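# Close look at the chain arrangement
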Amino acid sequence: MLAQIERYYGWLLGMVLVCYGGALFHAYVGEEANYTIMSMEMWQRQIFRSVVSFGGVGGRPPLYNWLMIPVACGVGWGQVLLAARLVTLLATLGTAGVLALWARRLWGRPMAGRLTFLLYLSSADVLLYRGWLAYADPLFSFWMVLSGYALWRAVDGRHLGWLLGSLLAIFASYLTKVITAYVFYGGMVLVWLTQPNYRAFLCSRRTWGVMLLGLLPMGVWLAVVGRQDSIQVHWQMSDIVTKLLTVDSLSSYLGKLVTFPVTILLGLLPASLWVVAGMIGQWHRGEVLDLRMRGLLAMAGVNFFPYWIAPQSAPRYVLPEYGLVVLMAVGYLMEPAWLTVPRGLRPFPWLVGMGVVGGMVALLGFPYYQHHVRGDNYARMADRVESAAGAFPLYNDNFTSVGLSVVALIDARHMARPALVVPPRDFADGVVMAAGPQDIQGEHWARIEEESESLYVICRGAACAAPIFQGGRRAWP
């Protein structure tokens with residue numbers, strides 16, 4: 001069943017890597033500009049302990065930006081989006097690499113590792129979108145998967161060094177995004193505590209001593225940086241509480257309970273096919289999952305459940321669980337007795353198909369969409385905004401994905417001058433980017449529209465002499 005994959009492995013992997021390579025050069029997507037804006041301002045202001053955005057210091061932990069900044073210095077700040085995506089891609093490849101090591105130790109065959117590496121990179125959501133997008137989630141996921149692998153090595157080999165490594169990796173995961181990394185870690189520990197073989201090791205005094213030592217960096221960070229950047233802690237806790245307690249309506253919540261797992265299963269194609277088929281086959285035959293598969297299923301399930309029942313969540317939040325499902329899929333494929341494979345589920349055609357679809361999306365579909373709908377138009381909007389401001393100060397009060405993308409492009413063009421900030425209340429002459437004509441007090445406004453996107457510019461004082469404001473449209477007094 002795997003002979004064709006082994007024979008054409010280089011071609012399959014090459015197809016997938018071409019897809020990722022093509023995606024690196026897309027225009028801004030979604031809220032990618034959040035991260036590039038932060039990195040540019042951190043570099044300009046030489047503030048690195050906290051993120052900086054529109055002049056404000058504090059918020060998200062800064063590890064993603066720490067890695068992005070030296071890459072941007074290397075490729076040039078005009079290519080800061082490429083730098084951000086390179087960090088994301090390296091994190092995605094790193095995740096695949098850790099999973100490959102994990103699979104090889106679990107299933108005892110070199111092909112298990114190679115297949116895992118290929119299958120993770122070929123997963124629909126990772127290949128088509130998540131694996132290259134300049135968000136913190138892929139790096140966040142890399143550290144969590146590394147932590148999970150190190151924790152498994154620790155309990156399986158009764159090795160305190162791996163245990164300490166797992167805690168350092170989860171601290172790096174926190175530094176990338178949010179404190180829920182420790183919830184993920186706690187869920188994995190609870191899974192292994194249910195196993196008598198591992199419980200004695202996890203409950204020993206030496207183990208708890210190492211755990212306390214591994215938690216020390218987090219304590220130091222909160223004690224030192226938390227005092228200087230209280231927003232970082234408050235923002236994270238507020239964001240978590242909001243996602244757990246905010247219900248738009250009962251019908252939307254019930255709908256989310258149904259659609260969320262379906263979305264994840266679709267995003268995990270083709271790995272999810274083999275996991276579902278394998279589990280159904282074992283259930284029909286009355287077989288029980290072995291310890292390896294039970295552990296993977298339990299870790300994925302325990303850490304998936306909170307995001308499933310939370311009123312506000314997104315597939316990218318469970319990206320670390322993707323790798324656990326891929327490991328299970330490889331387990332079924334490596335043990336033919338566990339999986340009866342109908343013609344439609346044979347792995348080689350699916351992997352070829354994912355490579356073809358990925359290539360069409362990355363090299364044809366996405367470029368067409370960005371040229372005709374949104375993406376390429378952001379650069380033209382940035383040109384028109386700068387033309388409207390001329391030599392007068394330019395500010396931003398538009399925090400939609402459109403506004404952020406335009407700001408990021410303008411900031412990257414002019415790294416020698418200060419990045420754009422929010423408008424001071426009492427500015428006399430200048431132009432403000434806004435999402436609507438009444439967002440800020442001014443004298444005149446103009447609407448800038450390119451393809452399907454638009455934003456507004458509002459002027460005060462002498463800046464209103466620009467031709468774009470001569471249509472007589474009065475701003476909110």
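Let me sum up the structure you'll find in this document. (Residues numbered from 1 in each chain as written. Predicted model: local features only at pLDDT ≥ 70, side-chain atom pairs only at ≥ 80, totals over all residues. Heavy atoms only, no water.)

The next thing to look at is the overall build of the chain. Within the chain, the secondary structure is distributed over 20 helices and six strands. Taken over C-alpha atoms, the radius of gyration comes to 25 Å for the chain, in line with the 23 Å a tight globule of 477 residues would show. Expressed as lengths along the three principal axes of its C-alpha atoms, the size of the chain is roughly 80 × 50 × 50 Å. A total of 477 residues make up the chain; the buried ones form 52% of that total. Of all intrachain contacts in the chain linking residues separated by at least 6 positions in sequence, the fraction that spans at least 24 positions is 76%. (Helix = DSSP H or I, 4+ residues; strand = E, 2+ residues; numbered from the N terminus. Rg over C-alpha atoms; globule rule 2.2 N^0.38 Å. Buried < 20%, exposed > 50% of the residue type's maximum accessible area, 1.4 Å probe, protein only. Contact = heavy atoms within 4.5 Å.)

Here the focus is the packing of aromatic side chains. Tallying each qualifying case throughout the model produces 21 aromatic pairs. Look at Y35 and Y64: their rings are 5.3 Å apart centre to centre, the planes differ by 70 degrees, and that puts the pair in the edge-to-face class. Here Y64 lies in helix α4 (residues 63-75) and Y35 lies in helix α3 (residues 33-45), a separation of 29 residues in the sequence. There is no split in this pair, since Y35 and Y64 are both buried. Feature note: the residues W102, Y149, W152 and W162 constitute an aromatic cluster, connected by ring pairs. In this arrangement the basic side chain of R114 is found over the ring face of Y9, its NZ or CZ atom lying 4.2 Å from the centre. Lying across the ring of F140, K177 places its NZ or CZ 5.6 Å from the centre. (Phe/Tyr/Trp six-rings, centres within 6.5 Å; stacked < 30°, edge-to-face > 60°. Lys NZ or Arg CZ within 6 Å of the ring centre and 35° of its normal.)

A word on the state of the cysteines. With the rule as written, the count across this model stands at one disulfide. For C459, the disulfide goes to C464, at an S-S distance of 2.1 Å. Of note, the bridge from C459 to C464 carries an S-S torsion of about 110 degrees and is right-handed in sense. Side by side, C459 and C464 carry an identical accessibility label, which is buried. (Disulfide = S-S within 2.5 Å.)

Within the largest apolar cluster, 152 residues are counted, with the highest numbers of intra-cluster contacts made by I5, W102 and V457. Setting aside anything within four residues of it in sequence, one finds I5 in contact with L12, M111, L115, L118, P347, F348 and L351. (Core = buried A, V, L, I, M, F, W, Y, C linked by side-chain atoms within 4.5 Å.)

Turning our attention to the environment of W308. Tracing the sequence through the fold places W308 in helix α16 (residues 291-309). Taking C-alpha positions, W308 is 31 Å from G359, a pair spaced 51 residues apart along the chain. Residue contacts for W308: discarding those within four places in its chain leaves K256, L257, F260 and P261.

Okay, the pairing of strand β5 (residues 444-450) next. Within β5, five of the seven residues are buried, leaving the element largely enclosed by the surrounding structure. By the bridge criterion, seven bridges tie β5 to strand β6 (residues 453-460) in an arrangement that is antiparallel. Bridged to A446 within β6 is V457. What sits between β5 and β6 in their antiparallel hairpin is a turn of two residues, with E451 showing a positive phi close to 55 degrees. (Pairing = 2+ DSSP bridges.)

Of all the five residues making up strand β4 (residues 430-434), five are buried; the element is thus mostly covered by neighbouring parts of the structure. Handedness of the crossover is the feature at issue here: the chain leaves strand β3 (residues 394-397), passes through helix α20 (residues 401-413), returns alongside β4, and the resulting connection is left-handed. (Right-handed = clockwise from strand over helix to strand, strands pointing away.)

As a further point, take the pattern of salt bridges. In total, this model carries 15 salt bridges according to the counting rule given. With a shortest N-O distance of 2.7 Å, E32 and R85 are connected by a salt bridge. One end of the pair, E32, is in the loop between α2 (9-23) and α3; the other, R85, is in helix α5 (residues 80-107), with 53 residues separating them in the sequence. Judged by its relative accessible area of 0%, R85 falls in the buried class. A salt bridge links R417 to E386, with the nearest nitrogen and oxygen atoms 3.4 Å apart. Here the residue R417 occupies a position in the loop between α20 and β4, and E386 occupies one in helix α19 (residues 377-389), the gap between them amounting to 31 residues. Connected through shared salt-bridge partners, R380, R384, E450 and E451 make up one network. (Salt bridge = Lys/Arg side-chain N within 4 Å of Asp/Glu carboxyl O.)

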